[in-house]
Amino acid sequence: MKALVNETLNQMLRNVSERYPDRTALIFKDCSMTYQALEEQTNRITRSLKSRGVRKGTHVAILSENTANAVLAFLSVIKAGGVACMLNTSLKNPELLELLRISDIEYLMIGQQYKENLFYPVSRELSAQYPLQQIFDISTEHSSPYMSLEELAQAGTALPGQPEEFSCKDDTLTPQDPALILYTSGTTGQHPKAVLSTHYHLVNGGIQKADTLALTKEDVVCCALQLFHIFCIDVDVMAAFSTGACLAMPDDLHSASILHCLTKHQCSVLSCVPFTFCTMMKKGQNYPHPFPSLRTGIIGGAYCSPEMFTQIEGFFGFTLLPGLGQTEATAGIAVAELEDSLELRSTTVGHFVNHCEGKIIDLKDGSPLPQKATGEICVRGSLLMSEYYKRQDLTSQVIDADGWLHTGDLGWMDSENYIHYVGRKKELINRGGEKIIPAEVESCILQLKQVDTCKVIGIPDSLYGEEVCACIIRKPDTQLAETEVLKHLGESLAPFKMPRHIVFLDSFPRNASGKISLTELTSIAENQIKTGSL
């Protein structure tokens, strides 16, 4: 178990650049950058940001697709003492405006676009409704009137007589200073919350994940996650940069681009959400597989059945690690070991992460539960978030007086202290007092070979309060009737767990983070049930 360190991001990057100055730190498209070049370029940008008013505690929002410039901007804002506030690139203006307001944004950095979301028009509309000090264009195709990242760097070149306050010395920064704000995305219609983390969280979250993945300077990490998620920042960016590994960024996050990046740069580490792995497997039939350079990676962000886990590991030919994370815990709640068996890795989410205490508590009285009893997963440790920004009332609802984060995740622990994930507490279905865990029903449905994916939800019911509804997406060119589903489930489930409603859909509605929107899905299901269009 690797020890944690009391360092700022500035100190970590300076140390790694001194150890590995000539090793490649970052690759994007046809450009690459060594650790020495990364340190020098971010220092120039840092000086320039300071000269334009970015100081310790200044909140700078970054709205950009994944690019090398976005990574440089992210690092430079934090090195300047600012707080990098990473905005979801799929959000529309009213949603972005709410985030600017709840997190006191002063500066905005924009990329080019994400899908149909063009960031220059977005920024103009935002600046008309919200007072921003300055907007910077960090896109690779600079076409706006805003100052570009390259111009920022040029302006930050150290010159004789430059004021000391604009230097890159970080004497005033401490590891406990705020560095990052990420936003939680509610799947049940909740308002977003701004999760505030420090330099200590960032640096040690990366060290922790690098240790789990056994990263070295020889590794090439494929950055196939979005930069506004802790999964990406912690497992990809910070893990790579804490060890001197190379961060290889695909041209975009389409499956074909990720696969091209894997093969072109001989990536050894690939971490993704299950949905991305599955789409890559469909596209990857045109690529020689398994991929010989791949060594390991973490799968997380959503439930993955043991069958799907095994398929992914076999297709890519690497050792896949299950993980359970949360923005409030700097991504780290549980993870498996590289030495663990496939059976253990595919059926659990691992053990509680190093440098962290964990327990499973009773949903009614909060008392610790014995092994094999299902309850809420709670963790305590130095890598928990500082707070929901300016919302101590909300913070105290999830972190109790003894420092335990109540994750809202349900699970049970086996005799080896490995955690079996069950689902989200807020997704429990209460049918006439009987508590039904959606994942239990879903795992039975997924055994049907005609099922591509499914989601079990609660539908309001006048008699029972809630009824079980199974929303199913069939595999292409397959047939599956409601009677077949019910017959199969009847062999495994108690009567009260049986779905009252079965809805077949072509796709699931997803929020800006790619998670299934339970609010929209419930509405769609209710409408189909009422109209009888199943």
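Residues numbered from 1 in each chain as written. Predicted model: local features only at pLDDT ≥ 70, side-chain atom pairs only at ≥ 80, totals over all residues. Heavy atoms only, no water.

So what's going on with the overall build of the chain? Which residues, and what values?
Counting secondary structure elements, the chain contains 16 helices and 28 strands. A compact globule built from 534 residues should have a C-alpha radius of gyration of about 24 Å, and the chain, at 24 Å, falls within 12% of that. Over its C-alpha atoms, taken along the principal directions, the chain stretches across nearly 80 × 50 × 50 Å. Out of the 534 residues belonging to the chain, those deemed buried represent 56%. Counting only contacts in the chain whose residues sit at least 6 apart along the sequence, the fraction spanning at least 24 positions is 70%. With an accessible surface of roughly 22,400 Å², the chain has 50% of that area assigned to carbon and sulfur atoms. Across the chain, the 46 positively charged side chains and the 62 negatively charged ones have centroids separated by 1 Å. (Helix = DSSP H or I, 4+ residues; strand = E, 2+ residues; numbered from the N terminus. Rg over C-alpha atoms; globule rule 2.2 N^0.38 Å. Buried < 20%, exposed > 50% of the residue type's maximum accessible area, 1.4 Å probe, protein only. Contact = heavy atoms within 4.5 Å. Areas by Shrake-Rupley, 256 points an atom, 1.4 Å probe, with all protein chains shown as cover. Lys, Arg positive; Asp, Glu negative; His and termini not counted. Charge placed at Lys NZ, Arg CZ, Asp CG, Glu CD.)

Summarise unusual backbone geometry; cite the residues concerned and give the values.
Cis geometry is found at the peptide bond from histidine 289 to proline 290, where omega equals 5°. Mapped onto the elements, proline 290 comes out in the loop between helix H10 (274–283) and strand E15 (296–299). Of note in this structure, glutamine 266 is not a glycine but carries a positive phi near 50°. Here glutamine 266 shows up in the loop between helix H9 (255–264) and strand E14 (269–270). The class for glutamine 266 is partly exposed, based on a relative accessible area of 47%. Positive phi, close to 65°, is recorded for histidine 355, a residue that is not glycine. You can see histidine 355 is positioned in the loop between strand E18 (351–352) and strand E19 (356–361). You can call histidine 355 partly exposed: its relative accessible area is 28%.

Describe the sheet that holds strand E27 (residues 465–474), with residues and values.
Sheets are built from strands that pair by backbone hydrogen bonding, the pairs being arranged parallel or antiparallel. Within the open sheet, the three strands sit side by side as E26-E27-E28. Their pairing is mixed. Strands with a single pairing partner mark the edges of an open sheet, and in this sheet they are strand E26 (451–461) and strand E28 (501–504). Ignoring which end each strand starts from, the neighbouring axes of this sheet average 25° apart. Here E27 runs beside E28; their pairing, made up of four bridges, is parallel. Counted as the bridge partner of alanine 470 is isoleucine 502 from E28. (Pairing = 2+ DSSP bridges. Axes fitted to C-alpha atoms, helices over the stretch in contact; angles between N-to-C directions.)

Describe the pattern of salt bridges, and please don't skip the residues or the numbers.
As enumerated under the stated definition, the model contains 19 salt bridges in all. As a salt-bridge pair, glutamate 218 and arginine 23 come within 3.5 Å of each other at their nearest N and O atoms. Of this pair, glutamate 218 sits in the loop between helix H7 (199–213) and strand E12 (220–222) while arginine 23 sits in the loop between helix H1 (9–19) and strand E1 (24–28), placing them 195 residues apart in sequence. Take glutamate 218: its relative accessible area is 52%, and that puts it in the exposed class. The exposure class of arginine 23 is partly exposed, given its relative accessible area of 29%. A salt bridge links arginine 431 to glutamate 467; the shortest N-O distance between them is 3.0 Å. Taken together, the residues arginine 431 in strand E24 (residues 429–431) and glutamate 467 in strand E27 connect sequence positions 36 residues apart. Several salt bridges converge on common partners, so that one network encompasses Arg23, Lys217 and Glu218. (Salt bridge = Lys/Arg side-chain N within 4 Å of Asp/Glu carboxyl O.)

Lay out the pairing of E15 in plain terms, naming residues and giving numbers.
In E15, alternate side chains face the same way, and those of Thr296 and Ile298 on one face and Gly297 and Ile299 on the other are all buried. Handedness of the E15-helix H11 (residues 306–316)-strand E16 (residues 319–324) crossover: right-handed. (Right-handed = clockwise from strand over helix to strand, strands pointing away.)

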